[in-house]
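Descriptive analysis of the structure
Single-letter residue listing:
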Amino acid sequence: RSVGIIGAPFSGGQPKDGVQLGPDLIRAAGLVNRLKEQGCDVKDYGNLAFESVSSDEPVGLAKRPRAVGRANQQLADAVRRIKHDGHTCVMLGGDHSLAIGSIHGHAASGSEVSVVWVDAHADINTPLTTTTGNIHGQPMSYVIHELHNKIPVIPNFSWIKPCIAAKDIVYIGLRDVDPGEHYILKYLGIKTFSMSELDRLGIAKVMEQTCDHIFTKVKKPIHLSYDIDALDPSVAPATGTPVVGGLTYREGVYITEHICQTDLLSAVDIVEVNPKRGRTEDEVQSTVNAAVDLVLGCFGRVREG
Ligand SMILES: N[C@@]1(C(=O)O)CN(C[C@@H]2CCCCN2)C[C@@H]1CCC[B-](O)(O)O
Ligand SMILES: [Mn+2]
Ligand SMILES: [Mn+2]
Ligand SMILES: [Mn+2]
């Protein structure tokens, strides 16, 4: 497996300082060497440099739109290049608004992609349904074909072309979904596995049904967008919007092992690690180590050694 890593030290999709430190923390925990030790070729493309945007007044309820739009345009270009260079792309966040650029750059590199979104949240608010205005709760609304006519004009967002079909999306880990998001998920008939379904079915069945769903017709490359807050806060506390009742470490890793076995993983995001949200050094390390192990699981690490 050939892996291309891009760091996106960006926090503008949400208000809490610290999430921009994620990429370098994950690298410092040894991600590159661990990937090499398990037989991957790894090219680290470094971190994107995001210049600060002076005045960035909200548009409706979308906060920091210019900074978010610009950062994602840079990221989309980088991801497109990494895919063109033939790697599976690993995007280290930064907040989840970065999925806009990551998915856009991935889809620009060739065929349509399927999206497996692992998260406590659906991140599918439009600028008109959002309750907070934070764009890390909205990324999916900008990239889904069926929502295109529901998105107002936003500065620095005009480059974004919807590129994902609702039928090619699966959510895993949902447990904190806004009313507007719930309506959108139902209205578009998007496949979801909330924590209730996870408890009912068990992780193995959820992954079977996830693959059945995205492979119904033609097999598309998989974009795995993994929000660290999908994991239970007892495992990954250092994150901006923790929600109780999350995935165990084992369930979280099982998802990556199963996706790896499809041999269709084409890009993965690991986002929302925020060291400033850890109350102790141990909480930060637990969160960072979980992020590393999730990426290793994507690239062939198996627990039986
Ligand atoms: N839907 C949200 C949004 O801000 O749009 C509202 N929610 C926080 C809110 C707290 C009170 C109870 C209801 N939930 C966070 C979520 C975005 C998470 C972004 B992610 O990247 O962490 O997933
Ligand atoms: Mn989340
Ligand atoms: Mn998220
Ligand atoms: Mn978050």
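Our subject is the structure that appears above.
Lining the immediate surroundings of ligand 1 are 15 residues, of which Asp123, Thr132, Asp178, Asp229 and Thr241 lie closest. His136 places a main-chain nitrogen or oxygen 3.3 Å from an oxygen atom of ligand 1. Asp176 is positioned with one of its side-chain polar atoms (N or O) 3.0 Å from a nitrogen atom of ligand 1. Bound to the protein, ligand 1 loses 75% of the 540 Å² it would expose on its own. In the shell around ligand 1, the residues fall into no nonpolar, 7 polar and 8 charged.

Below, the discussion takes up the packing of aromatic side chains. One pass over the full model with this rule turns up 4 aromatic pairs. Relative to Phe50, the ring of Phe10 lies with its centre 5.5 Å away and its plane at 70°, an arrangement referred to as edge-to-face. One end of the pair, Phe10, is in the loop between strand E1 (2-8) and helix H1 (22-28); the other, Phe50, is in the loop between strand E2 (41-47) and helix H3 (65-84), and 40 residues separate them in sequence. Relative accessible area serves as the criterion here: at 7%, Phe10 is assigned to the buried category. Taking relative accessible area as the criterion, Phe50 reaches 22% and is therefore assigned partly exposed. Consider the rings of Trp117 and Tyr171, whose centres lie 6.4 Å apart with planes at 55°: the pair is tilted.

Cut-offs applied
Residues numbered from 1 in each chain as written. Chains lettered and ligands numbered in written order. Predicted model: local features only at pLDDT ≥ 70, side-chain atom pairs only at ≥ 80, totals over all residues. Heavy atoms only, no water. Near = heavy atom within 4 Å. Polar contact = N/O pair within 3.5 Å; in protein donor to acceptor, adjacent residues only side chain to side chain. Areas by Shrake-Rupley, 256 points an atom, 1.4 Å probe, with all protein chains shown as cover. Nonpolar A, V, L, I, M, F, W, Y, C, P; charged D, E, K, R; others polar. Phe/Tyr/Trp six-rings, centres within 6.5 Å; stacked < 30°, edge-to-face > 60°. Helix = DSSP H or I, 4+ residues; strand = E, 2+ residues; numbered from the N terminus. Buried < 20%, exposed > 50% of the residue type's maximum accessible area, 1.4 Å probe, protein only.

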